[in-house]
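Structural description and commentary
One-letter residues, chain by chain:
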Amino acid sequence: MQAWQHLYPALPASRGAETLRAGLGALLGIGLCALGVEAAARFGLSSLYLVAPLGATAVLVFCVPNSPLAQPWSAVAGNVTAALVAWLTVWIVPEPWTAAIAVGAAIGAMMLVRALHPPGGAVALLTALEPGPALEAGPLFALVPVGLTTAALVLAAVLYNRATGRVYPFRQPGAGKAEDPAPRLGLSEAQLGALLDRFHQSSNLGVVDLGRMLAAAEAEATRHRFGGTTCADIMTTGLITMRPDTPLPEAARLFRRHAIKSLPVVESDMTLRGVVLQSDLLDAVAAQGRPMSLRHRSVHRKVSQVMQPAARAVPHDMPIGALLHRLAAQGSEVIPVVQEERLVGILTRSDIIRLLLRGAQDRTAA
């Protein structure tokens, strides 16, 4: 019975909206190509016509637009390369080896130019089985009709996918986006790429999308692990605070007296203005070694001049799992917790470590 399970459908059941979206996209894409061919025929351009492998290209660019096999370079360069290799093959290789060599050589050539595209194999086979049009057109057959119609279909896919909420072309590494998942995962783009190579998935998934999937899985696992724990549940309360006009020497005395590493800066109503770290205070003291024109005496300076802004504050009801990446990967040592902009607590790495240890003890006891 288990052996038969390997023959069951591998794809999950498709959602109705996604099925409609992909099918309608393919209809529009091939339809626009057909209209272009018809318009070209009216102007006497008989060399432009539809080739059957375009249907396979439509499946990729509209149904799986995130696949590396469906990207514009893969589609256009892959089909063009396959057509050119097949044209050369029908000139050189005699029957009955023409079809086999055309397909095999086309696959090798597409991989060499990093443009592997499954419909390219069909382009090569079609050219070998029906060599007449290719021999008549010469090497231009790879550009017209194959390259031009593929490019038109890809352009239609770019516009349609983006209009319907899909990312196409897919995300490339090094785009500089703030939401790049690699830093949050602690894995570089090279390491993510090595994972794809290790499991032979480089042709099925892009590096950035792999990072997004792993980051989402990690976040989901974190939420399951910590359940409904929020920042308010583990934050440190009973805080020692300062006003924005507190002199730096007074701030230094507070650090020494209470053996703490950070001091929140608040107004009289506990509205958070910023946070002063020990390192901020040391930087201010170190400035005394600079030329007089570039420094101010720390005795006259206020904490408002050295504090870090309150932009890193988080709401008291935020799930603690959402905060782990910031503490672990972004280098944050302390995070203020606010409720309606008023300071209610502080979260540090120590608070997170205590939570992790508590979870480990619970799991050991179970």
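Everything numeric here is computed off the predicted structure, so don't read it as measured data. Residue positions are counted from 1 within each chain, in the order its sequence is given. Two thresholds apply to this predicted model, a pLDDT of at least 70 for residue-level local features and 80 or more for giving and counting side-chain atom pairs, whereas whole-chain, interface and lining totals are computed over all residues. Side-chain descriptors were evaluated using all non-hydrogen atoms of the structure, hydrogens and water having been removed beforehand.

Membership of the largest hydrophobic core comes to 18 residues, with the highest contact counts inside it found for Ala-82, Ala-83, Ala-106, Val-123, Phe-141 and Val-146. Working definition: helices are DSSP H or I runs of at least four residues, strands are E runs of at least two. Numbering for both runs from the N terminus. Among the secondary structure elements, those contributing two or more residues to this core are α4 (72-92), α5 (98-112) and α6 (118-129). For this core, the element with the most residues is α4, which contributes seven residues. Any two residues whose heavy atoms approach within 4.5 Å at even a single point are treated as in contact. Setting aside chain neighbours within four positions, we find Ala-82 in contact with Ala-106, Met-110, Gly-120, Val-123 and Ala-124. Counting residues in hydrophobic clusters, the runner-up holds 15 residues, among them Ala-58, Phe-62, Ala-70 and Ala-157. Here, nonpolar core means buried Ala, Val, Leu, Ile, Met, Phe, Trp, Tyr and Cys residues that are tied together by side-chain atoms lying within 4.5 Å of each other. To sort residues, take the accessible area from a 1.4 Å probe on protein chains only and compare it with the maximum for the residue type: under 20% means buried, over 50% means exposed, and anything in between is partly exposed.

Another point: the sheet that holds strand β3 (residues 308-309). Paired through backbone hydrogen bonds, the strands of a sheet run either parallel or antiparallel to each other. A pair of strands is treated as paired once DSSP finds two or more bridges between them. Strand order in the open sheet formed by three strands is β1-β2-β3, and the pairing between neighbours is antiparallel. Taken across any chain shown, the strands that pair with only one partner, and hence form the sheet edges, are β1 (262-266) and β3. With five bridges connecting them, β1 and strand β2 (residues 272-277) associate as antiparallel partners. Looking across to β2, one finds that Pro-264 is bridged to Val-275. For helices, the fitted axis covers only the stretch in contact; all axes are lines through C-alpha atoms, and the angles between them, taken along N-to-C directions, range from 0 to 180 degrees. Contacts from helix α13 (residues 248-258) reach β1 and β2, with the element oriented near 135° to β1.

A carboxyl oxygen of Asp or Glu within 4 Å of a side-chain nitrogen of Lys or Arg is what we treat as a salt bridge. On inspection of all chains with the given rule, the structure shows six salt bridges. Residues Glu-38 and Arg-42 are paired through a salt bridge, measuring 3.2 Å at the closest nitrogen-oxygen approach. Of this pair, Glu-38 and Arg-42 are both found in helix α2 (residues 16-42), four residues apart, which corresponds to roughly one turn of the helix. The partner of Arg-342 in a salt bridge is Asp-269, with the nearest N and O atoms 3.6 Å apart. Separated by 73 residues along the polypeptide, Arg-342 in strand β6 (residues 342-348) and Asp-269 in the loop between β1 and β2 bring together distant segments of the chain. According to the relative accessible area criterion, Arg-342 is partly exposed, its value standing at 38%. Salt bridges here are not isolated pairs; linked through shared partners, they connect Glu-18, Arg-21 and Arg-166.

Any two aromatic rings considered together are summarised by their centre-to-centre distance and by the angle between their planes. In summary, the pairing rule links any two rings of Phe, Tyr or Trp, Trp by its six-membered ring, whose centres are within 6.5 Å, and it sorts them by plane angle into stacked for under 30 degrees, edge-to-face for over 60 and tilted for everything else. The tally for this structure, following the rule as stated, stands at two aromatic pairs. Ring centres 5.9 Å apart and planes at 70° place the aromatic pair Phe-62 and Tyr-160 in the edge-to-face group. In this pair, Phe-62 sits in helix α3 (residues 54-63) while Tyr-160 sits in helix α8 (residues 143-163), placing the two residues 98 residues apart along the sequence. With a relative accessible area of 12%, Tyr-160 lands in the buried category. With a centroid separation of 6.3 Å and 70° between ring planes, the pair formed by Trp-87 and Trp-91 is classed as edge-to-face.

Turning our attention to a nonpolar patch on the surface. Residues enter patches when they are more than 30% accessible in relative terms and free of salt bridges; like-charged ones are connected within 9 Å and nonpolar ones (Val, Leu, Ile, Met, Phe, Trp, Tyr) within 5 Å. Method for areas: the Shrake-Rupley scheme with a 1.4 Å probe, in which residue coverage is limited to the protein chains shown. Together, Leu-84, Leu-88, Trp-91, Ile-92 and Leu-135 make up a nonpolar patch on the protein surface, roughly 520 Å² of accessible area in all. For the nonpolar patch, the element with the most residues is α4, which contributes four residues. Overall, the relative accessible area of 36% leaves Leu-84 in the partly exposed class.

Examined against the element boundaries, Ser-262 turns out to sit in strand β1. Separated by 84 residues in sequence, Ser-262 and Ile-346 place their C-alpha atoms 9.5 Å apart. Sequence-distant contacts of Ser-262, defined by excluding residues within four places in its chain, comprise Phe-255, Val-275, Val-276, Leu-277 and Val-334.

Taken over all residues, the pLDDT of the protein chain has a mean of 84, while the share at 70 or more is 84%. pLDDT runs from 0 to 100 and stands for how confident the predictor is about each residue. With pLDDT under 50 throughout, residues 176-183 is counted as low confidence; its partners more than four residues away or in other chains account for 10 contacts. Counting contacts from residues 291-296, a segment whose pLDDT is below 50, to residues more than four positions away or on other chains yields six contacts.

So, on to unusual backbone geometry. With an omega of 5°, the peptide bond running from Glu-95 to Pro-96 counts as cis. As for its placement among the helices and strands, Pro-96 is situated in the loop between α4 and α5. Here the amide bond leading from Val-144 into Pro-145 is cis, since omega sits at 20°, within 30 degrees of zero. Within the secondary structure, Pro-145 sits in helix α8. Here the phi dihedral of Glu-340 falls at roughly 55°; this positive angle occurs in a residue that is not glycine. Structurally, the position occupied by Glu-340 is in the loop between β5 (334-339) and β6. The phi dihedral of Glu-341 is positive, around 70°, even though this residue is not glycine.

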